[in-house]
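Listed here are the chains, written in short residue letters.
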Amino acid sequence: MTDRLNRPADMPDPVVAPINEGMWRAAAGGQLAVQRCQDCGAHRYPPGDGCYRCSSCRWEWSMLPGTGVVYSYVWIPDRSRAAAGDEAACYNVVIVTLDGTEGEPVRILSNVVNAWGPRDLRVGQVVEVVGVPFADSMALPCFRTVA
Amino acid sequence: MPDCAGPRPGGDDPPSKSARGASSASSFPRDAACIVGIGHSAYGKRGEFRDVGLPRLALDAIHDACSDAGLEARDIDGFTGYCDDVTAPSDLAVSLGTSELRYTALVWGGRGSGLPGAVANAYAAVAAGLADYVVVVRSLIQTSRLGQSMAAGVGPGDAIPLSASYTAPFGMALPPAIYAMKARRHMSLYGTTTEHFAEVAINARRNAVNNPHARFRTEITVEEHHASRLIADPLRLFDCCMESDGAAAVIVTSPDRAADLRQQPVSIRAVSMTGEYKWASVSFNTADEVYASTGHRRAARDLYARAGLRPGDVDVALFYDAFTPSVLMSLEDWGLCPIGESGPFVAEGNIRREGSIPVNPHGGHLAEVYLHGSTHLLEGVRQLRGTSCNQIADADVVLYGSGVGAAPGGGILLCRGG
């Protein structure tokens with residue numbers, strides 16, 4: 001049971017492109033990479049061509065610690081699964097504020113794959129990255145709660 | 001109503017209502033255009049008018065608005081739209097017999113944010129003399145789910161747009177989830193509850209009882225709200241509007257031309273389409289202080305400054321209410337209650353039509369029809385003509401505030417004309 005992941009069913013894979021490939025590959029290795037401006041050093045997410053702080057279009061991939069704090073979350077019924085008691089079984093979608101970034105706080109939208117119900121998530125909770133593979137050597141950066 | 005401590009332009013209060021016009025907070029030319037006609041097509045449920053087609057719905061709304069104004073359809077010489085509308089004015093103009101087509105403009109970006117931009121374009125066109133009678137029109141047939149098109153636009157196994165790669169694979173697939181995420185943050189920061197969300201839906205349904213055009217004219221209770229189907233926790237079915245088909249239109253012209261038309265004009269005191277910093281198209285990386293908002297605090301600052309009005313001057317508020325948290329956050333964004341206090345504010349009955357600041361007396365998206373804010377604008381005109389199904393006594397100033405959508409959204413302040 002501990003190996004089960006709470007992930008939404010039948011969701012599309014991301015489009016792999018030069019502007020995001022590094023993060024999928026990092027996630028496959030259990031790491032979290034986001035863009036960092038090569039001129040001012042500010043991290044940013046989601047991937048974009050220019051730096052919000054200095055407008056530079058020069059960037060590189062930067063490995064972060066991979067930990068963060070839950071900023072907000074929702075529970076969405078997954079109709080493909082059997083109901084759990086009164087309510088449908090739900091997957092979560094979570095916004096996580098990432099640790100170890102330069103500049104304004106950087107948040108990522110993801111899933112906490114070991115959280116199954118309302119008691120498993122709260123704003124302010126500490127989580128860490130875990131890769132969920134979708135292709136060869138590429139994974140989605142998802143998260144799990146830290147005991 | 002209370003003199004509220006909402007967002008203030010640059011830390012300075014804009015001049016009071018009594019001082020309007022005397023001390024302009026900017027060089028914005030107030031009241032340079034007005035609304036002289038309103039119209040709409042039949043309203044239907046999602047997909048009901050698939051065979052009718054978007055152009056025909058738009059034409060129905062435009063003809064209705066022309067009739068209301070006392071204009072010939074061929075007199076329309078400008079068109080503005082929003083929300084990436086595919087109803088092309090070049091085609092509408094042919095069907096209307098438009099003799100002179102002088103101006104068209106479309107506001108980029110989806111969801112609930114673009115209506116003030118479309119009104120701003122009409123306003124600017126009229127004020128600058130680029131066109132004489134500009135129609136702002138929104139035509140909608142929901143053949144594909146907006147939710148799908150937003151999250152991914154595709155079914156399982158199909159490729160998605162690059163920009164959806166950071167949301168759709170994680171199951172962020174429905175518009176209510178965007179509001180639910182903001183609602184959760186709002187609950188965590190301020191103690192807002194699902195009872196507060198319910199009050200917004202209850203108010204909308206209650207108002208729609210008197211609206212013959214409304215799709216949902218039965219009242220609901222808190223218990224029924226809480227028992228409705230879970231959509232994206234903390235939001236339930238009764239927190240959501242129902243997708244609709246239909247079209248609405250308003251005709252904008254100059255005060256001089258308005259004087260020759262059938263209706264008492266409703267003046268567009270000011271309009272703003274200012275976006276929030278790093279808002280993008282509803283990013284989860286907005287500035288922290290505006291995440292739990294509709295993204296309109298800067299738009300409010302600009303709008304009140306341009307209008308020479310302040311939140312306490314607003315008699316009726318029309319807020320984009322595709323989902324209930326939108327109204328709570330709008331009350332805060334537009335300065336009608338302090339930030340974080342919208343929950344208790346609605347619990348006290350303030351947004352009911354007998355309250356200190358009636359919100360959506362027509363029933364809004366939650367109960368009348370969901371046409372991306374356009375029907376709110378019709379209600380604003382009715383309130384200032386004194387012809388609403390739930391007329392607010394002595395309504396002189398009406399505010400429209402956009403919903404969560406691509407930046408820039410914005411707002412409109414309408415005033416009783418003449």
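In what follows, the structure referred to is the one given above.
Worth saying up front: this structure is predicted, and the values here are computed from it rather than measured. (Residues numbered from 1 in each chain as written. Chains lettered and ligands numbered in written order. Predicted model: local features only at pLDDT ≥ 70, side-chain atom pairs only at ≥ 80, totals over all residues.)

Glancing now at the nonpolar core. All names here are of chain B. Grouped together as the largest cluster of nonpolar side chains are 173 residues, with contacts concentrated most on Ile-62, Val-134, Ala-177, Val-250 and Ile-251. The element that contributes the greatest number of residues to this core is helix H1 (residues 54-69), accounting for nine residues. With sequence-adjacent residues up to four places away left out, Val-134 is seen in contact with Gly-78, Phe-79, Thr-80, Tyr-103, Ala-122, Ala-125, Val-126 and Val-252. (Core = buried A, V, L, I, M, F, W, Y, C linked by C-beta atoms within 7 Å. Buried ≥ 20, exposed ≤ 12 C-beta atoms within 10 Å, placed from the backbone. Helix = DSSP H or I, 4+ residues; strand = E, 2+ residues; numbered from the N terminus. Contact = placed C-beta atoms within 7 Å.)

Residues and elements named next belong to chain B. Compared with an ideal rise of 1.5 Å per residue, which puts 15 residues at 21 Å, helix H6 (residues 194-208) spans 21 Å between its outermost C-alpha atoms and is within 8% of the ideal. Counting buried residues along H6, twelve of its 15 residues qualify, which places the element largely inside the surrounding structure. Every buried residue belonging to H6 is among His-196, Phe-197, Ala-198, Glu-199, Val-200, Ala-201, Ile-202, Asn-203, Ala-204, Arg-205, Asn-207 and Ala-208, and all of these are buried. Where H6 is buried, its residues touch helix H5 (175-190), helix H7 (222-227), helix H11 (324-333), helix H12 (342-347) and helix H13 (364-367). (Expected span 1.5 Å × (residues − 1).)

All right, on to the sheet that holds strand S2 (residues 43-44) of chain A then. Residue and element names in this part refer to chain A. Taking strand neighbours across the sheet as the criterion, the three strands line up as S2-S1-S3 in an open arrangement whose pairing is antiparallel. Sheet topology places S2 and strand S3 (59-64) at the edges, where each strand pairs with a single neighbour. Two elements, strand S1 (residues 32-37) and S2, share two bridges in a ladder whose sense is antiparallel. Following the sheet pairing, Arg-36 is matched in S2 by His-43. Along the sheet, helix H1 (residues 21-28) makes contact with S1 and S3, crossing S1 at roughly 150 degrees. (Pairing = 2+ DSSP bridges. Axes fitted to C-alpha atoms, helices over the stretch in contact; angles between N-to-C directions.)

Often, the extent of an interface is quoted as the loss of accessible area upon association of its parts. Chain B puts 28 residues into the contact, and the matching count from chain A is 33 residues. At the level of secondary structure, the elements contributing two or more residues to the side of chain B that touches chain A comprise H5 and strand S6 (230-232) of chain B. Per element, the largest residue contribution to the side of chain B that touches chain A is six residues, and it comes from H5(B). For the side of chain B that touches chain A, the class distribution of residues is 17 nonpolar, five polar and six charged. (Nonpolar A, V, L, I, M, F, W, Y, C, P; charged D, E, K, R; others polar.)

All names here are of chain B. For helix H10 (residues 297-307), the tally of buried residues reaches eleven of eleven residues, placing the bulk of the element in the interior. Packing partners of the buried residues in H10 comprise strand S9 (266-272), helix H9 (288-291), H11 and strand S12 (411-416). Count one or two residues on from H10 and you reach Gly-308, which has phi positive near 70 degrees.

Residues and elements named next belong to chain A. Burial analysis of strand S4 (residues 67-77) places eight of its eleven residues in the buried class, which makes it a mostly covered element. In terms of strand pairing, S4 meets strand S7 (residues 126-135) through three bridges, oriented antiparallel. Within S7, the residue paired with Thr-67 across the bridge is Glu-128. Pairing analysis gives nine bridges linking S4 to strand S5 (residues 90-98), with the strands arranged antiparallel. Directly across from Val-69, in S5, lies its bridge partner Thr-97.

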